[in-house]
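Now for the letters of each chain:
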Amino acid sequence: MTSRVSVRTLALAALLLTSASPSMAAPCGTGAFESWLDDFKKEAAAKGISQSAVQAGLTGVALDKAVIARDQSQKVFSQSFEEFSGRMVPPRLARGANMLKQYGSVLARIEQTYGVPGEVLVAIWGLETDYGVNIGKFPTLRSLATLAYDCRRTDLFKAELMDALRIVERGDIAPQDMRGAWAGEIGQTQFMPSSYIKYAVDFDGNGRRDLLRSVPDVLASTANYLASHGWQRGKDWEPGSANFAVIQQWNKSDVYSKTIGHFATQLGRAP
């Protein structure tokens, strides 16, 4: 597991470790996974998700023991800011500077719309997936179904699985293309499905919110997330600032948040 995934997963774990009571409609961890999944399909239909989306998204989905093993073996991230940023930022700086130039016009339109500077978005993009190179290979629907069936945080992951089906239903991503990190994060800046539903935007105007392949959609959606959490246009993002608090909403790990801010500052100084 890469350091990026380790820190992001650590931050997610702060939420995931909150216990959730099993749903009476589809009891977690009892009986065969297939029976649980059949009950979940009925719940999804009852919540208004179309039968076609349910069938397309969940037909053939199986329990993934590798996901459960990863979930149960999470380790506390112990690197300091100096260690983590020193290892993560320098190898990504030159390409990040190139991305700022390559997508300069798009980033300018995004900043005009949402108020978030391009260097912040490119820093997040680089740290999350190396600018879309490493988005993860786990089938998202299988991962979410597995974690929803497991009894540790059933309600949380059932809600994320419902939202993943809504992404399928509205045509943003085909089920077979929905792949990402083991805990269900999707796309080039690693949105959970619930965040995808709330914040993903169609910035390239093709009728889909595609966080897998469309760089304008990826960057604008990330900006929309930050703006929706209170980003202040024209202000800095130093630790202790209001905008740094917004970055912490992106990732609650101080090490990761400080690294985003440091990376963005370095990009702003790049020639």
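Since the structure is predicted, the reported quantities are computational estimates derived from the model, not experimental observations.

A.B. asks: Help me understand the overall build of the protein chain in this model?
C.D. replies: From N to C terminus, the protein chain includes 14 helices and two strands. Expected size for 271 residues packed as a compact globule is a radius of gyration near 18 Å; at 19 Å, the protein chain falls within 12% of this value. The C-alpha extent of the protein chain, read off along each of the three principal axes, is 60 × 40 × 30 Å. Carbon together with sulfur atoms contributes 52% to the accessible area of the protein chain, which is approximately 11600 Å² in total.

A.B. asks: Teacher, can you tell me more about the environment of Leu141 here?
C.D. replies: Secondary-structure assignment places Leu141 in helix α9 (residues 140–149). Residue contacts for Leu141: discarding those within four places in its chain leaves Gly57, Val61, Leu161, Ala164, Leu165, Pro175 and Met178.

A.B. asks: What is the right way to read helix α8 (residues 118–129) from this model?
C.D. replies: A rise of 1.5 Å per residue sets the reference length of α8, with its 12 residues, at 16 Å; its end C-alpha atoms lie 17 Å apart and thus fit the reference within 8%. The element α8 is extensively covered by neighbouring structure, given that 11 of its 12 residues are classed as buried. Taken together, the buried positions of α8 are occupied by Gly118, Val120, Leu121, Val122, Ala123, Ile124, Trp125, Gly126, Leu127, Glu128 and Thr129. Remark: Asp130 follows α8 within two positions and exhibits a positive phi of approximately 55°.

A.B. asks: Which parts of the structure should I look at to understand the pattern of salt bridges?
C.D. replies: Between side chains of opposite charge, pairing is possible as soon as their charged atoms come close. Scanning the model with the defined rule gives 10 salt bridges in all. Close ionic contact of Asp163 with Arg166 constitutes a salt bridge, the shortest N to O distance being 2.8 Å. Residue Asp163 and its partner Arg166 are both found in helix α10 (residues 154–169); the two are separated by three residues, about one turn of the helix. Judged by its relative accessible area of 14%, Asp163 is buried. The partner of Asp172 in a salt bridge is Arg170, and the shortest N-O contact between them spans 2.3 Å. A relative accessible area of 28% places Arg170 in the partly exposed class. A single network of salt bridges, built from pairs that share partners, joins Asp71, Arg152 and Arg153.

A.B. asks: Help me understand the packing of helix α13 (residues 242–250) against helix α14 (residues 254–269), please; the structure alone is not making it clear to me.
C.D. replies: A packed helix pair is summarised by two numbers, namely the angle formed by the two axes and the spacing between the axes. Put simply, α13 and α14 touch, their axes get as near as 9 Å, and they point 125° apart. Between α13 and α14, the angle falls in the class oblique. When the axes of α13 and α14 are compared, the crossing they make is right-handed. Contacts between α13 and α14 involve Phe244, Ile247, Gln248 and Trp250 from the former and Asp254, Ser257, Lys258 and Ile260 from the latter. Across the contact of α13 with α14, the residue classes break down as four nonpolar, two polar and two charged.

A.B. asks: So what exactly am I meant to see when it comes to the packing of aromatic side chains here?
C.D. replies: The description of an aromatic ring pair rests on the distance of the ring centres and on the angle between the ring planes. Considering all chains together, one arrives at 12 aromatic pairs under this definition. Ring centres of Phe84 and Tyr256 lie 6.0 Å apart, and the angle between their planes is 35°; this geometry places the pair in the tilted category. Of this pair, Phe84 sits in helix α5 (residues 81–88) while Tyr256 sits in helix α14, and the two are 172 residues apart along the sequence. Side by side, Phe84 and Tyr256 carry an identical accessibility label, which is buried. For the ring pair Trp125 and Tyr131, a centre distance of 5.5 Å and an interplane angle of 85° mean the geometry is edge-to-face. For the pair Trp125 and Tyr131, a shared accessibility class is recorded, and that class is buried. Feature note: the residues Phe33, Trp36, Phe40 and Tyr149 constitute an aromatic cluster, connected by ring pairs.

A.B. asks: How do you make sense of unusual backbone geometry when you look at a structure like this?
C.D. replies: Most peptide bonds take the trans configuration, and most residues that are not glycine carry a negative phi. Phi is positive for Tyr131, which is not a glycine, with a value near 60°. Among the structural elements, Tyr131 can be located in the loop between α8 and β1 (138–139). Look at Tyr131 and you get buried, because its relative accessible area is 6%. Phi is positive for Gln190, close to 60°, though the residue is something other than glycine.

Rules and cut-offs
- Each residue is numbered by its place in its chain's sequence as written, counting from 1.
- Selection of residues for local features in this predicted model requires a pLDDT of at least 70, selection of side-chain atom pairs for listing and counting requires 80 or more, and totals for whole chains, interfaces and linings are taken over all residues.
- As a rule here, side-chain values come from all non-hydrogen atoms in the structure, and water together with hydrogens is ignored.
- Segments assigned H or I by DSSP are reported as helices when at least four residues long, segments assigned E as strands when at least two residues long, and all are numbered from the N terminus.
- We compute the radius of gyration from the C-alpha atoms alone; for a globule the expected value is 2.2 Å times N to the 0.38, where N is the number of residues.
- Shrake-Rupley sampling with a 1.4 Å probe provides the accessible areas, and residues are treated as covered by the protein chains on show and by no other component.
- Working rule for contacts: check all heavy atoms of both residues, and any pair within 4.5 Å makes them a contact.
- Expected helix span is given by 1.5 Å per residue-to-residue step, counting one fewer step than there are residues.
- Think of it in three bands: residues with accessible area under 20% of the maximum for their type are buried, residues over 50% are exposed, and the middle band is partly exposed, with areas taken using a 1.4 Å probe on protein chains only.
- The term salt bridge refers to a side-chain nitrogen of Lys or Arg lying within 4 Å of a carboxyl oxygen of Asp or Glu.
- Axis lines are fitted through C-alpha atoms, for helices just across the contact stretch, and the angle between N-to-C directions can take any value from 0 to 180 degrees.
- Each angle is binned into one of four classes, with values under 35 degrees roughly parallel, values over 145 roughly antiparallel, values of 65 to 115 roughly perpendicular, and all other values oblique.
- Crossing handedness is defined as follows: a turn of the near helix away from the far one that is anticlockwise and smaller than a right angle gives a left-handed crossing, while the clockwise case is right-handed.
- Each residue is assigned to one class: nonpolar for Ala, Val, Leu, Ile, Met, Phe, Trp, Tyr, Cys and Pro, charged for Asp, Glu, Lys and Arg, and polar for all the others, Gly among them.
- Put simply, two rings from Phe, Tyr or Trp (the six-membered ring, in Trp's case) pair if the centres are within 6.5 Å, and we call them stacked under 30 degrees between planes, edge-to-face over 60, tilted for the rest.

Just geometry here; none of it tells us what the structure is for.
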